[in-house]
Amino acid sequence: MGTHFRRLSCALGVVAVVGVLCPAASFAGDPDCSQEGPFTPFETIDGDNPVTMQNGRVVELRASNTSKCAWGRISYGTPGEEIWTDRKDPSANQHEGFLGYTRIDSGSAKYTEAFKNDGKVMRACGSSQGVIECTGWF
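The text that follows walks through the structure, step by step, so that each part is easy to find. Since this is a predicted model, take the numbers as computed values, not measurements.

## Here we look at the pairing of strand β5 (residues 82-88)
Phase 1 of the analysis: Summarising burial for β5: 7 of the 7 residues are buried, a large majority.
Phase 2 of the analysis: Side chains Glu-82, Trp-84, Asp-86 and Lys-88 project from β5 onto one buried face, and the interleaved Ile-83, Thr-85 and Arg-87 project onto a second face that is buried too.
Phase 3 of the analysis: Note: β5 against strand β6 (residues 96-103), 4 bridges, orientation antiparallel. What sits directly across from Glu-82, in β6, is Arg-103.
Phase 4 of the analysis: Alignment of β5 against strand β9 (residues 121-128), held across 7 bridges, turns out to be antiparallel. The partner of Arg-87 across the bridge, within β9, is Met-122.

## Topic: the sheet that holds β9
Phase 1 of the analysis: Strands sit in the order β6-β5-β9-β10 across an open sheet of 4 strands; the sheet is antiparallel. Edge strands, defined here as strands with exactly one partner in the open sheet, are β6 and β10 (131-134). Each strand axis lies, on average, 20° off the axis of its neighbour in the sheet, ignoring direction.

## So, the environment of Gly-47
Phase 1 of the analysis: Considering the arrangement of structural elements, one finds Gly-47 in the loop between β1 (38-39) and β2 (51-52).
Phase 2 of the analysis: Take Gly-47: its relative accessible area is 37%, and that puts it in the partly exposed class.

## Notes on the pairing of β10
Phase 1 of the analysis: Summarising the sheet, β9 and β10 pair through 4 bridges and their orientation is antiparallel. Looking across to β10, one finds that Gly-126 is bridged to Glu-133.
Phase 2 of the analysis: As consecutive antiparallel partners, β9 and β10 are separated by 2 residues, and within that stretch Gln-129 has a phi angle of approximately 55°, a positive value.

## Some details on the pattern of salt bridges
Phase 1 of the analysis: The full count for this structure, using the stated rule, is 7 salt bridges.
Phase 2 of the analysis: Here Glu-81 ties to Arg-57 by a salt bridge, and the two come within 2.9 Å at their closest N and O atoms. With Glu-81 in the loop between β4 (69-75) and β5 and Arg-57 in the loop between β2 and β3 (58-64), this pair connects stretches of sequence that are 24 residues apart.
Phase 3 of the analysis: Exposure remark for Arg-57: the relative accessible area of 11% places this residue in the buried category.
Phase 4 of the analysis: Bridged by salt links that share partners, the residues Asp-30, Arg-87 and Glu-96 form one connected network.

## So, the environment of Asp-46
Phase 1 of the analysis: Take Asp-46: it is sitting in the loop between β1 and β2.
Phase 2 of the analysis: Overall, the relative accessible area of 69% leaves Asp-46 in the exposed class.
Phase 3 of the analysis: The spatial distance from the C-alpha of Asp-46 to the C-alpha of Gly-136 is 5.1 Å, given a sequence separation of 90 residues.

Scoring rules and cut-offs
Residues numbered from 1 in each chain as written. Predicted model: local features only at pLDDT ≥ 70, side-chain atom pairs only at ≥ 80, totals over all residues. Heavy atoms only, no water. Buried < 20%, exposed > 50% of the residue type's maximum accessible area, 1.4 Å probe, protein only. Helix = DSSP H or I, 4+ residues; strand = E, 2+ residues; numbered from the N terminus. Pairing = 2+ DSSP bridges. Axes fitted to C-alpha atoms, helices over the stretch in contact; angles between N-to-C directions. Salt bridge = Lys/Arg side-chain N within 4 Å of Asp/Glu carboxyl O.

Given below as structure tokens:
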């Protein structure tokens with residue numbers, strides 16, 4: 001619960017105060033990443049991908065085997081809703097959170113920047129109307 005509570009507290013802080021950054025947040029993607037040859041991985045650990053929230057928003061982890069990178073996408077949303085990715089070593093309990101954190105600024109969808117997943121697992125998380133949902137780890 002500790003990690004989830006810190007992540008939730010940080011997310012609420014970012015929503016409530018524009019310009020406040022979470023300590024573990026990384027907003028710029030990894031420089032060697034591209035979104036070339038994107039696919040949606042379905043064989044995830046501990047959850048589904050994509051995840052459809054109760055209000056119809058879709059949170060999805062996208063990946064590229066070419067660049068060994070992954071990114072998050074939220075779709076069917078409205079401006080202000082959030083998307084980010086988390087990354088961890090498969091054998092670790094702790095993870096890096098809020099990678100590529102961004103919000104839908106216009107339209108109904110938004111992607112995060114891409115981050116290296118080579119040797120690590122990643123998931124996408126989205127926030128809509130105060131509810132946070134995450135995909136499984138891939």
